Structure formats: C-alpha cells, structure tokens
Amino acid sequence: MPEGHILHRLARLHQRRYAGAPVAVSSPQGRFESGAAAVDGKLLTRAEAWGKHLFHHYAGGAIVRVHLGIYGHFSEFQLADGGAPDPVGQVRMRMIGADYGTDLRGPAACEVVDEAQVADVIARLGPDPLRNDADPALAYKRITKSRRTIAALLMDQSVLAGVGNVYRSEVLFRHRINPYRPGTTVDEAEFDAIWTDLVALMKVGLRRGNIVVVRPEDDHGAPAYAPGKPRTYVYRRAGDPCRLCGNTVRTAELEARNVFWCPSCQG
C-alpha cells in the first residue's frame, strides 16, 4: 500500500498540472460515472493530501476523495495532437486538463464528498508528518494511553496518518525500539525522536519519490530486498544479517501485518 509521501507527491503533481482551470472528468469503467458527472468541466481549485487520502477540491464545493488502498495507482499521459489516448484497463476516473491527463485504476475509494464529510475523515485521522498543521502531541497522547504495541500504534491511521509498514519498521530500528513495547512505555523523548525522524524521512520520500532510510555510514553494500525497492535496515529482510550487528533479522505477524526487527539492536 502506498505510504503517505506518495499521496503528497500526487497532490503536488495534480496541483501543478490541473489546478486553476476546468478539467474534464469521466469514468471509462463506469463505476464512478455519477461522481465524474458531478465535477466534469468544473474548476479544480486545489489538490491536497492528508495521510493516505487525496482530495480534489472543485469550485462549487464538490470534493473527490481518493484512497488508493493496496492496488490503486494513477498513470499520467501528455496530450498530443490526437487528444487523449484510449483508456487501457479498468480506469475508474480519468481527469484531463489543458496539457496532461491522468487515469486512476484500482482504488479502494473514489467518491464525491462535501466539506463536512472531509472533516469527518480528517477527524478520524492522526497528525500527518508531512503537513505543516500537524500536532504531534495528539499522537503522543494516544500512544501513551494504549497498551497496544508501538509497532501497531505507528501503523494505526487514527494515531499517525500516512505512516506505512516500511516507515514504521525502519524508524523503530533507527531508534533501537523493540516493536512489541506497549505504547504506555514510550516516553516523550523517544516519541519526539521518532516524530522528528519520520518528518525528515518522509520529506525525503516526498522530494525524491523514493524511500531512503539507511544512513550512508550504515550502507555497506547489502542489497535491497528486491530490485527497484528501497534499501532498508529490516523491512523485508527477514533471515538476512542486520546491517549493523550481523544478527539475523526477524519477522512476525502483528495485527494482520508483518513486522520486521533485529532482536539484538532492538532487544
């Protein structure tokens, strides 16, 4: 599932490509037909992200909310003399501006909502490390009141919005925190360090489009867990030697998701 920096990159791209002008919106697949008709030809005023949610705001108050889920993705095309290319596959939403177009396939959610419904979504989310208006104290308050594991809490979107499995596994390793520690045992200094690191790491991801979590001094040539994937300390490296101590990286299922850690470094 895409982590929060991907949604923020999409929001920036869509703001740059399409905002400030009317856009043509359609649903070649047909599953978003009525929603597309509600915003087709209207002025896109802005695009923004909150956690793993993308919002397209239109003049008149209509807002398209997109949650990519596991399989959703946007693909972009540039308009040529012949116009837009024919849709390929199951395109839920197509948006076309003056020079570019984009197709959305396979999202978990794509719907037209209003400001009140957006507010309801945001009220259920924790602070987003990539938003300037984020209040990390809200996340710390929720963490310290829970005996759930810190690994589970970091993935809970009502605690922190936008953090996924890569960032949670890696930030816990970077701060030598055992993923099974209860939230109640995490002190303020530890949380402040986690939050500060998440902000920095996710900003790099936003800027570069790639997750970068291994410090240069720790990158001793061990390959990424798969071609084209980020180089990590522990994520998807179960059974491999830890980059720092050489002990074997472990994995286990935790609240229906795999967590990765080094039992030596994070003991």
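Residues numbered from 1 in each chain as written. Predicted model: local features only at pLDDT ≥ 70, side-chain atom pairs only at ≥ 80, totals over all residues. Heavy atoms only, no water.

Per an unreviewed UniProt entry, the chain goes by the name Endonuclease 8 1 and belongs to Mycolicibacter senuensis. What UniProt records for the chain under Cofactor (unreviewed entry) is the sentence "Zn(2+)". Per UniProt, the chain carries the Sequence similarities (unreviewed entry) text "Belongs to the FPG family." (UniProt positions renumbered as here; feature names shortened; annotations may be inferred.)

### As for the domain arrangement of the chain
Considered domain by domain, the chain is made up of domain 1 (4-124) and domain 2 (136-265). The straight-line distance from the C-alpha centre of domain 1 to that of domain 2 is 30 Å. On the domain 2 side, the residues contacting the nine residues of domain 1 number 14 residues. Where domain 1 abuts domain 2, roughly 850 Å² becomes buried across the two surfaces, and 61% of that area is made up of carbon and sulfur atoms. Scanning the region where domain 1 abuts domain 2 turns up zero salt bridges. In terms of residue class, the side of domain 1 that touches domain 2 is made up of one nonpolar, four polar and four charged. (Domains from an automatic or database assignment. Contact = heavy atoms within 4.5 Å. Buried area = accessible area lost by both parts, 1.4 Å probe. Salt bridge = Lys/Arg side-chain N within 4 Å of Asp/Glu carboxyl O. Nonpolar A, V, L, I, M, F, W, Y, C, P; charged D, E, K, R; others polar.)

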